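Letter by letter, the chains look like this.
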Amino acid sequence: MKLVILGAGESGAGAAVLGKDKGWDVFVSDFGTIKQQYKDLLDAEGIAWEEGHHTLEKILDADAVVKSPGIPPTAPVMQEIAKKNIPVWSEIEFAGRYTDAKMVCITGSNGKTTTTLLTYHILKSAGVNVGLAGNVGKSMALQVAREHHDVYVIELSSFQLENMYDFRANIAVILNITPDHLDRYEYKMENYVKAKFRILQNMTPRDAFIYWQDDPVINAQLQRITVEAQMLPFAEHKEENTAAYVDAENNLIINTSERHLSIPRADLALNGLHNLYNSMAAALSSTLLNIKRDDIRHALSDFEGVEHRLEACGTVDGVNYINDSKATNVNSTWYALESMTAPTILILGGKDKGNDYSEILPLVKEKVKGIVAMGLHNEKIIDFFKDVVPVADTHTLADGIEAARQMAKPGYTVLLSPCCASFDLFQNYEDRGTKFKAAVKELMNH
C-alpha cells in the first residue's frame, strides 16, 4: 500500500515515520524547501522524499495521501488527487488509527493554544502519561510511532479538522467561533463553522463536549445539529446547566455530576476574561479525567503562559511593552484590549484575512491613544481608524516601534496585537514576536 505525504514539516515527517513503521510504502513530497532536521529524520528512516516540486505520477499512484494542513483543497496537486478519488487524511486522522489513547481535542478561533498548554500542564503535573500534539508540541504521528501515551491533548485548527473522518475525541472543546481564515472558506462563515464542528463527529454519550455557553455562533450551530456527547458549557456567570462559572465571591466554580471544585479567581495564573474561559475549559477537561482537585488548583495557579500571547517584554522610559503577536484575527485583539488597564498604543497590521475592525472599535475608543499601522498594505487599517485616534503609517518593525515610542507616555502600554497574519514582513507570528522582543530588549539596553 502506497502512502504519499504532502508537506514535510513536523506533522508530515512524523506521519511518514508512522506510515513506514506500519508497513506502508511511503513517499514524501514538499513543494517548498524541507528543513534540514526533517531531511535528516527521513534519511535516517530510509524514506524517499523530494522538495521544490511535486512529481504527479508518483503522487497519483498513492492509495492514500496525508497532507499538511496548510495546503488548501484548491491547490493544483489537491485538485488532481480529488479527480482520482484518492483518500486524503490529516496527520491526526492518520495517527488516531494506530492508538487507543484518550483524546482531549481543543479548537476555537482564539485561546486554543493557551487552553491546550494549560490542560497539558495540569495533566502532566498530576503525573498523567500525556502527549501534546496538533498545532503545538511534537507530531502526534511520531509520538504514536515511537512513544506511548495514555492521553493526548491536541490543539486542532479548522484546517486540520477538514481532513478528519473516523477520528473520535473523548473530550472536545470549542472555546469560541469568530470570523477567521474566511479566505480559505469561500468567504462564507458557515463553511468555517462547519469545519470547526467536525471536532464533534463520531462522539458517543460516553464522551464530553465543553463549550462557551454565550457564544452566539456556537449556539446557532447547536440548534441545527444533534450532539451525542454529554454537554458541559462554561460562562462568566451561572446560567442553566452551566458546568463552570464565577460565583458572587469571585471563585471559579467547576460543577459536574462527578465533582465540585472551587478556586479563588485571584489565584489563577492567567489574567483577563479570555483566560478565565481558557482556565474553565482546562479545569473541566481535567475534572473529566479524574484529576484530583488539589492538582487542578495548583496547576491553574502556577502555569507560566504562552510565548507571543500577552507576553510582557519589558519597560522602557516608563512604558510597558507587550508581545501579543499570536493575535492573528480581530477577536484575538479584542481579548487583548479587553485585558489592558493602562492607556495603550496598539500596533496593528500584516496580511489581512478579510478583517472587520468594527468589533474592536469600542475598545479602541475607550483604551487606545494611538495606532501604529505596520505592514506592506495597511491602507485598510489607516482608513478605518484615521478619524478615531492618531494613526502612524509604517512599513517595517523598526519604524513601527519608533512610531509607538513617539506616541507613548510614561505609564502607557505598547501592545503588539496585530489582528492579521504575519506573512507580509515575517515568516510567521513567532518570527514577528521574537523580532519585536529583540527590538524591545535593544531599547532597554540603550
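So, here is what we can say about the structure in this document. What you see is a predicted model; the values in this text were computed from it and never measured. (Residues numbered from 1 in each chain as written. Predicted model: local features only at pLDDT ≥ 70, side-chain atom pairs only at ≥ 80, totals over all residues. Heavy atoms only, no water.)

## Some points on the overall build of the protein chain
Selection rule: Numbering of helices and strands runs from the N terminus; a helix is a DSSP stretch of H or I covering at least four residues, while a strand is a stretch of E covering at least two. Values of the radius of gyration come from C-alpha atoms, whereas the globule rule sets the reference at 2.2 Å times the count of residues to the power 0.38. Using a 1.4 Å probe on the protein chains alone, a residue whose accessible area is under 20% of its type maximum counts as buried, one over 50% counts as exposed, and one in between counts as partly exposed. It only takes one pair of heavy atoms within 4.5 Å for two residues to be counted as in contact. Where accessible areas are quoted, they stem from the Shrake-Rupley method and a 1.4 Å probe; at the residue level, only the protein chains shown are allowed to cover.
The number of helices and strands found in the protein chain is 17 helices and 20 strands. Computed over its C-alpha atoms, the radius of gyration of the protein chain comes to 22 Å, within 12% of the 22 Å expected for a compact globule of 446 residues. The principal-axis extent of the C-alpha atoms belonging to the protein chain is close to 65 × 55 × 45 Å. Across the 446 residues that make up the protein chain, the buried fraction comes to 57%. Counting contacts in the protein chain only where the partners sit at least 6 residues apart, residues at least 24 apart contribute 66% of the total. Of the accessible surface of the protein chain, which amounts to about 18,900 Å², a share of 49% is contributed by carbon and sulfur atoms.

## A word on the packing of helix α6 (residues 112-125) against helix α11 (residues 273-288)
Going by this rule: Lines fitted to C-alpha atoms define the axes here, with helix axes fitted over just the stretch in contact, and angles between the N-to-C directions of these axes take values from 0 to 180 degrees. Geometric relationships in this document are graded by angle, where less than 35 degrees denotes roughly parallel, more than 145 denotes roughly antiparallel, 65 to 115 denotes roughly perpendicular, and other angles denote oblique. When the near helix sits turned anticlockwise from the far one by under a right angle, the crossing is termed left-handed; a clockwise turn instead gives a right-handed crossing. Gly falls in the polar group here, along with every residue not listed as nonpolar (Ala, Val, Leu, Ile, Met, Phe, Trp, Tyr, Cys, Pro) or charged (Asp, Glu, Lys, Arg).
Across the interface, α6 lies against α11 with an axial gap of 9 Å and an inter-helix angle of 40°. One way to sum up the angle between α6 and α11 is to call them oblique. The two elements α6 and α11 meet at a crossing, and its hand is right-handed. Across from Thr114, Thr115, Leu118, Thr119, Ile122 and Leu123 in α6, the residues of α11 making contact are Asn275, Asn278, Ser279, Ala281, Ala282, Ala283, Ser285 and Ser286. Counted by class, the contact of α6 with α11 contains six nonpolar, eight polar and no charged residues.

## What about helix α1 (residues 10-21)?
Every α-helix winds through 3.6 residues per turn, so residues three or four apart in the chain are directed the same way. The line we're drawing: To estimate the expected span of a helix, subtract one from its residue number and multiply by 1.5 Å.
End to end, α1 covers 17 Å across 12 residues, agreeing with the expected 16 Å (1.5 Å per residue, within 8%). Counting buried positions along α1 yields nine of 12 residues, so the element is predominantly enclosed. Within α1 the residues assigned to the buried category are Ser11, Gly12, Ala13, Gly14, Ala15, Ala16, Val17, Leu18 and Gly19. Lining the buried residues of α1 we find β1 (2-6), β2 (25-30), α2 (36-44), β4 (64-67), α5 (91-96) and α7 (140-146). One or two positions beyond α1, positive phi appears at Gly23, with a value near 90°.

## What about the sheet that holds β2?
Strand pairing within a sheet occurs via backbone hydrogen bonds; the two strands may be parallel or antiparallel. Note the cut-off: Paired strands are those between which DSSP finds at least two bridges.
Pairing is parallel in the open sheet, where five strands are placed in the order β3-β2-β1-β4-β5. Every other strand in the sheet has two partners, leaving β3 (48-51) and β5 (88-89) as the edge strands with one partner each. As defined by bridge partners, β1 adjoins β2 across five bridges and the pair is classed as parallel. By the bridge assignment, Lys2 is partnered in β2 with Asp25. Lying over the sheet, helix α4 (residues 76-83) contacts β1, β4 and β5, oriented at roughly 155° with respect to β1.

## Here we look at the state of the cysteines
This is how the line gets drawn: Note that a disulfide, as used here, is simply two cysteine sulfur atoms within 2.5 Å.
What the rule picks out here adds up to zero disulfides. You can see Cys420 has no disulfide; the closest cysteine sulfur is in Cys419, sitting 5.8 Å from it. By relative accessible area, which is 1% here, Cys420 ends up buried.

## What about the pattern of salt bridges?
Heads up, the rule is: Within this document, salt bridges are pairs made up of a side-chain nitrogen of Lys or Arg and a carboxyl oxygen of Asp or Glu, the two lying within 4 Å of each other.
Summed over the entire model, instances satisfying the criterion amount to 17 salt bridges. Among the salt bridges present, the one from Glu45 reaches Lys20, with a minimum N-O distance of 2.9 Å. Here Glu45 is found in the loop between α2 and β3, whereas its partner Lys20 is found in helix α1, with 25 residues between them in sequence. Accessibility expressed as a relative area gives 34% for Lys20, which makes it partly exposed. Here Asp317 ties to Arg405 by a salt bridge, and the two come within 3.4 Å at their closest N and O atoms. Of this pair, Asp317 sits in the loop between β15 (311-316) and β16 (319-323) while Arg405 sits in helix α16 (residues 397-407), and the two are 88 residues apart along the sequence. Arg405 sits in the partly exposed class, given a relative accessible area of 33%. A single network of salt bridges, built from pairs that share partners, joins Lys20, Asp21, Glu45 and Arg146.

## Notes on the sheet that holds strand β18 (residues 368-374)
In spatial order, the strands read β15-β16-β20-β17-β18-β19; together these six strands make up an open sheet with mixed pairing. The open sheet is flanked by β15 and β19 (391-394), the only strands paired with a single partner. Ignoring which end each strand starts from, the neighbouring axes of this sheet average 20° apart. For β16 and strand β20 (residues 413-416), the ladder comprises four bridges, and the chain directions are parallel. When the sheet's bridge partners are listed, Asn320 is paired in β20 with Thr413. In the packing of helix α13 (residues 330-338) onto the sheet, contacts are made with β17 (344-348), β18 and β20, and the angle to β17 comes to roughly 165°. Sitting on the sheet, helix α17 (residues 429-445) touches β15, β16, β17 and β20, and the angle it makes with β15 is about 25°.

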